[in-house]
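Breakdown of the fold
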Amino acid sequence: MTITDLPTASFWRPGDLPGRRRFTSLGAVPLELGGLLPEVTVAYETWGVLNEAADNAVLVEHALTGDSHVEGPAGNGHPTPGWWDGLIGPGRPLDTDRFFVVASNVLGGCQGTTGPSSDAPDGLPWGSRFPAITIRDQVSVEAHLADQLGVRRWAGVLGGSMGGMRAVEWATSHPDRVATCIVLASTAYATADQIAWCQPQLLAVRADPNFHGGDYYAHGVVPADGLGIARRIAHVTYRHEGELAERFGRVAQPGEEPLGGGGRYAVESYLDHHAGKLAARFDANSYVVLSEAMNSHDVGRGRGGVAAALGAFSGRLVVAGVDTDRLYPERLSEEIAALRPGTILRRVTSRFGHDGFLIEIERVGEIIRDALTEEHG
């Protein structure tokens, strides 16, 4: 049994259709917690053209289960359509007539960039041997990618959720390389509540008998049940209680009887659907590695605290919270603005909770367009 025989296409492997992905090798990359990855490959996509001055580049950072495919249809190597479809293109908020837009799959991911499902130097998947990484390691890899692309300073770095973590880390670890930083539905540090919600998700994945300590590739199985439970837990935190009440209430799933009949409520069917979708397109090991990287997030660590770290950034900082977000509440955006004078505070109004940063494309587009027009206009 080889990794290519696994009963799912939940990760990209060399030989699969590349789609719009491009690839670059960075060589060995040292890690914040010690040691190094001896060979790192990055998968990325670009839109538009880098100008002669190399000052029109914008980096788009994906969230936990996203990838480099921000814009475009599914198929031809891409398991899903662009996760922010509608924001990149001529005349759009990320206007490709003006900007060179870059998005990479994050270190530890499973869509072309080195992660647990990638081959280690011995030719076998990293699996449980993949080292612990942090948000800072991910940004370090992105900085190397920027070097290879000829981008010395980004006109903008932006992202939501885990992508927002990397965006604000860019502003604090490479303050001279970012003109405008846009942080959506995110935070300057992982909170106790976020870490608490993460724990049962990690336990669910690791408790799946098919997990095999992270080395399930060799067994020809995937821990789909554990990953599905993790996704159910996470998805509830991504949506607002009021939206779930309005959409589902206590209605039974059509054709099923939840009251003593073993059937499901409609909201349970909804969670089952999202669990199945993720298990079919995402690697469980990457889910674990990236979730723990999110837990590591704290721009103030070793820098004299959050305020001191944010104070190192002299560019334009725009933060926007979603008013119904219960996982990354607006107070975290307000805290960044309070700790860093001059920060521009915006709001995304949405009935959808945390996922509003993905769904409210028109409002998110306004925030991005305004921030980048002021800087680059």
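In this report, we go over the structure that sits alongside the text. It should be emphasised that the depicted structure is a prediction, and the values quoted were computed from it without experimental measurement. (Residues numbered from 1 in each chain as written. Predicted model: local features only at pLDDT ≥ 70, side-chain atom pairs only at ≥ 80, totals over all residues. Heavy atoms only, no water.)

A few points about the overall build of the protein chain
For clarity, the cut-off: Helix and strand assignments follow DSSP, with helices taken as H or I runs no shorter than four residues and strands as E runs no shorter than two, numbered in order from the N terminus. Based on C-alpha atoms, the radius of gyration is set beside the globule rule, defined as 2.2 Å times the residue count to the power 0.38. Think of it in three bands: residues with accessible area under 20% of the maximum for their type are buried, residues over 50% are exposed, and the middle band is partly exposed, with areas taken using a 1.4 Å probe on protein chains only. In these tables, accessible area is a Shrake-Rupley quantity obtained with a 1.4 Å probe, and a residue counts as shielded only by the protein chains included in the view. Working convention for charge: Lys and Arg count positive, Asp and Glu count negative, and His plus the chain ends are omitted. For this purpose, a charge sits on NZ of Lys, CZ of Arg, CG of Asp or CD of Glu.
Scanning the protein chain from N- to C-terminus turns up 11 helices and 10 strands. For the protein chain, whose C-alpha radius of gyration is 20 Å, the value lies close to the compact-globule estimate of 21 Å for 377 residues. Its C-alpha atoms put the protein chain at 65 × 50 × 40 Å along the principal axes. When each of the 377 residues of the protein chain is scored for burial, the buried share is 57%. Carbon and sulfur atoms provide 54% of the accessible area of the protein chain, an area that totals close to 14,800 Å². Computed over 32 positive and 46 negative side-chain charges, the inter-centroid distance for the protein chain is 2 Å.

Looking at unusual backbone geometry
Positive phi values are uncommon outside glycine, yet Ala 54 reaches one of about 55°. Within the element layout of this structure, Ala 54 appears in the loop between strand 2 (36–47) and strand 3 (57–61). For Ala 54, a relative accessible area of 18% corresponds to the buried category. Backbone geometry at Ser 161 places phi at a positive 60°, although glycine is not the residue there. Looking at the element boundaries, Ser 161 is found in the loop between strand 7 (156–160) and helix 2 (162–173).

Some details on the pairing of strand 9 (residues 316–322)
The test is simple: For two strands to pair, DSSP has to find at least two bridges joining them.
Counting buried positions along strand 9 gives six out of seven residues, so the element sits mostly inside the fold. As paired elements, strand 8 (residues 180–184) and strand 9 share five bridges and run parallel to each other. If you follow Leu 184 over to strand 9, its bridge partner there is Ala 320. Two strands pair when backbone bridges link them, and strand 9 and strand 10 (residues 344–348) are joined in this way by five bridges, in the parallel orientation.

Some words on the pattern of salt bridges
A side chain of one charge can pair with a side chain of the opposite charge if their charged atoms are brought near each other. The following threshold applies: For this analysis, a salt bridge means a side-chain nitrogen from Lys or Arg found within 4 Å of a carboxyl oxygen belonging to Asp or Glu.
Evaluated as defined, the whole model comprises 22 salt bridges. Across the pair Arg 20 and Glu 45 runs a salt bridge whose closest N-O atoms are separated by 3.1 Å. One end of the pair, Arg 20, is in the segment before strand 1 (22–30); the other, Glu 45, is in strand 2, with 25 residues separating them in the sequence. Accessibility expressed as a relative area gives 0% for Glu 45, which makes it buried. Across the pair Asp 147 and Arg 152 runs a salt bridge, and its minimum N-O distance is 3.8 Å. Residues joined in a network through salt bridges with shared partners are Glu 32, Arg 136, Glu 169, Arg 301 and Arg 303.

Structural notes on the sheet that holds strand 2
As a reminder of what qualifies: Here an axis means a line fitted to C-alpha atoms, over the contact stretch when the element is a helix, while the angle between two N-to-C directions is reported on a 0 to 180 degree scale. Contact criterion: two residues are considered in contact whenever any of their non-hydrogen atoms come within 4.5 Å of each other.
Read across the open sheet, the eight strands follow the order 1-2-6-3-7-8-9-10; overall the sheet is mixed. Across the chains shown, the open sheet's two edge strands, defined by having one partner strand only, are strand 1 and strand 10. Strand-to-strand twist across the sheet, computed as the mean angle between neighbouring axes with direction ignored, equals 25°. Of the strand pairs in this sheet, strand 1 and strand 2 are connected by seven bridges, and their pairing is antiparallel. Paired with Gly 27 across the strands is Val 40, a residue of strand 2. Across the sheet, helix 1 (residues 135–149) is in contact with strand 1, strand 2, strand 3 and strand 6 (100–104); its angle to strand 1 comes to roughly 125°. Here helix 9 (residues 330–339) sits on the sheet and contacts strand 9 and strand 10; the angle it forms with strand 9, its principal contact strand, is near 160°.

Let's talk about helix 9
The periodicity of an α-helix, 3.6 residues per turn, causes residues three or four positions apart to be oriented the same way. We apply this condition: What the arc measures is the spread of directions leading from the helix axis to the C-beta atoms.
Taken together, the buried positions of helix 9 are occupied by Glu 330, Leu 332, Ser 333, Ile 336 and Ala 337. In an axial view of helix 9, the angular spread of the buried residues amounts to 165°, which keeps them on one side of the axis. Residues of helix 9 that are buried make contact with helix 3 (192–207), helix 8 (306–311), strand 9 and strand 10.

A closer look at the side chain of Arg 21
Keep this limit in mind: Nitrogen and oxygen atoms within 3.5 Å of one another constitute a polar contact, given that in protein one can donate a hydrogen and the other can accept it, and given that sequence-neighbouring residues count only through two side-chain atoms.
Here Arg 21 lies in the segment before strand 1. Buried and unpaired, Arg 21 has no salt bridge, with Asp 67 as the nearest side chain of opposite charge at 5.2 Å. Side-chain polar atoms of Arg 21 contact the backbone oxygen of Pro 18, separated by 3.0 Å. Within the structure, Arg 21 has its side chain in polar contact with the backbone oxygen of Gly 77 (distance 2.9 Å). Residues in contact with Arg 21, not counting those within four places in the same chain, are Trp 12, Ala 43, Tyr 44, Glu 45, Ser 68, Gly 77, His 78, Pro 79 and Gln 111.

A closer look at the nonpolar core
For the record, the criterion: Here the nonpolar core consists of buried residues drawn from Ala, Val, Leu, Ile, Met, Phe, Trp, Tyr and Cys, with membership extended through side-chain atoms lying within 4.5 Å.
Judged by nonpolar contacts, the single largest core of 43 residues is most densely connected at Val 40, Trp 154, Trp 170 and Cys 181. Of the residues forming this core, the biggest block, six residues, is contributed by helix 1. In this structure, Val 40 is in contact with Thr 24, Ser 25, Leu 26, Gly 27, Val 29, Leu 107, Thr 114 and Val 141, ignoring residues within four places of it in sequence.

A closer look at the side chain of Arg 136
Looking at the element boundaries, Arg 136 is found in helix 1. Among the polar contacts made by the side chain of Arg 136, one reaches the main-chain carbonyl oxygen of Arg 301 at a distance of 2.8 Å. Those residues within four positions of Arg 136 in sequence are excluded, and the remaining contacts are Glu 32, Glu 169, Asp 298, Val 299, Gly 300, Arg 301 and Arg 303.

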